[in-house]
Amino acid sequence: MIELSPRALLVTGGCGFIGSNFVRYWLAQHPQSHVVVYDKLTYAGRKKNLADLWEDARLKLVVGDIGDLDLVRATCQQENIDLIVNFAAETHVDQSILGPLVFTDTNVRGTHVLLEVARELGLRLHHISTDEVYGHIRDDHQSVETDELAPRSPYAASKAAADQLVQAYAITYGLPVTITRGANNVGPYQYPEKAVPLFATNAILGEAIPVYGDGLQMRDYAHVHDHCTGIETVLLRGEIGEVYNVGTGREMTNLDMVDIVLDTLGKSHDLVRHVTDRPGHDRRYSMNVDKLRELGWQPKYDPREAVAEAAKWYANNRAWWEPIRNGEFREYYEKQYAERLAGSVR
Ligand code: NAD
Ligand code: DAU
């Protein structure tokens, strides 16, 4: 097996949750590397997610939109980039229901622009995708990489469109691409709109935990560290042109996830409220991750440990999330939950 070793990476979305964890992990593992974070710094992207690293000469930030072809091209040329790793995206399903158009702009057109630059300059591109592109699946099935895509939310549809563009560029132009499809990640620096950080921070604040519908939806809660090692494995040893699922391969219900969060934080289960469901809520995701395991990768955390570790991080890092929750997040929370919580049941 050939081990490829990219030296200069353009990490789009590197100030977000997974991107910032990846940049920290990559620089620690690959001391000879040079990383340019290219990020629009939307509400979900924060410079302070990499506060400990900005003094490092191997790391640079370019603030920009992945849809800006001239700036992406100029950055890649000036920095002698040999690999683009595309984390940049609008990522929240609920936000995609409230305001879907920006999801097409960034996730579809933005990815297309990166592909064009990669084609023009002869670069490799690795695209970060999601288990949501498979849609919700029946009880006994685990999605494999060759399954048909059947997305059901505006977010998932925009990610599926991006995957198909990436694969079309490989077929049509022979562009060297790889794709990873990640499960539901948890861990440090996840914006508190997502379920685990929302539930952990609400529990710490003694506020209600808004569970959508019956809470029996199934998700594979995977630690972000394992997603980063999975991506690294594909970058170094993955086959060009291939797709790899990244998760634990084991799912749990949202109610089980809530129990782990509350037990880890020593909080009462009386905080749980069942609220109006997410429209089109996917019932179950589950991926088979054997293809990635065959490259020698294995996850460090099982889903229970992943959720518990994430809850602990929020308990120990109030200084990171309190300013977010006290800032622009309040308006979103009000819009998304006030009516739901008013009509909630225990
Ligand atoms: P996030 O929302 O925390 O961060 C997204 C980052 O992208 C932010 O830094 C934001 O500023 C940046 N960004 C957004 N629009 C941009 C644009 N137009 N140009 C440049 N930068 C832009 O997201 P995340 O949870 O870290 O997800 C990262 C990637 O992983 C996404 O592609 C997402 O679809 C995928 N993914 C996420 C999960 C998960 O559980 N969070 C699971 C599987 C796959
Ligand atoms: O599965 C991978 C996907 O995981 C990623 O592609 C997305 O970028 C990421 O946001 C995440 O999507 P989800 O919609 O699964 O994540 P979220 O944390 O919003 O929700 C997890 C589950 O919890 C889901 O079944 C919905 C439920 N939920 C969520 C929120 C925010 C609730 O019950 N109540 C809530 O308030």
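Thresholds applied
- Residues numbered from 1 in each chain as written.
- Chains lettered and ligands numbered in written order.
- Predicted model: local features only at pLDDT ≥ 70, side-chain atom pairs only at ≥ 80, totals over all residues.
- Heavy atoms only, no water.
- Core = buried A, V, L, I, M, F, W, Y, C linked by side-chain atoms within 4.5 Å.
- Buried < 20%, exposed > 50% of the residue type's maximum accessible area, 1.4 Å probe, protein only.
- Helix = DSSP H or I, 4+ residues; strand = E, 2+ residues; numbered from the N terminus.
- Near = heavy atom within 4 Å.
- Polar contact = N/O pair within 3.5 Å; in protein donor to acceptor, adjacent residues only side chain to side chain.
- Areas by Shrake-Rupley, 256 points an atom, 1.4 Å probe, with all protein chains shown as cover.
- Domains from an automatic or database assignment.
- Contact = heavy atoms within 4.5 Å.
- Buried area = accessible area lost by both parts, 1.4 Å probe.

## Section: the nonpolar core
Core analysis: the biggest nonpolar cluster contains 38 residues, and Ile209, Met257, Val258 and Val261 have the highest contact counts within it. With seven residues, the top contributor of residues to this core is helix H10 (residues 303–316). Counting 25 residues, the second largest nonpolar core, distinct from the first, contains Ile84, Leu114, Leu123 and Val243.

## Concerning the site of ligand 1
Taken together, 28 residues surround ligand 1, and among them Ile18, Asp39, Thr91, Tyr155 and Lys159 come closest. Contacts to ligand 1 include phenylalanine 87, whose backbone N or O atom sits 3.1 Å from an oxygen atom. Between ligand 1 and the protein, one listed contact pairs an oxygen atom with a side-chain N or O atom of threonine 91 at 2.7 Å. Protein chains shield 97% of the accessible area of ligand 1, which is 840 Å² for the free molecule.

## Let's talk about the domain arrangement of the protein
Taken domain by domain, the protein holds domain 1 (8–186 + 222–246) and domain 2 (195–218 + 252–280 + 303–342). Each of domain 1 and domain 2 has a C-alpha centre, and these two points are 26 Å apart. In this assembly, 14 residues from domain 1 lie in contact with 18 residues from domain 2. Interface area, domain 1 with domain 2, both sides summed: about 1200 Å², of which 57% is carbon and sulfur.

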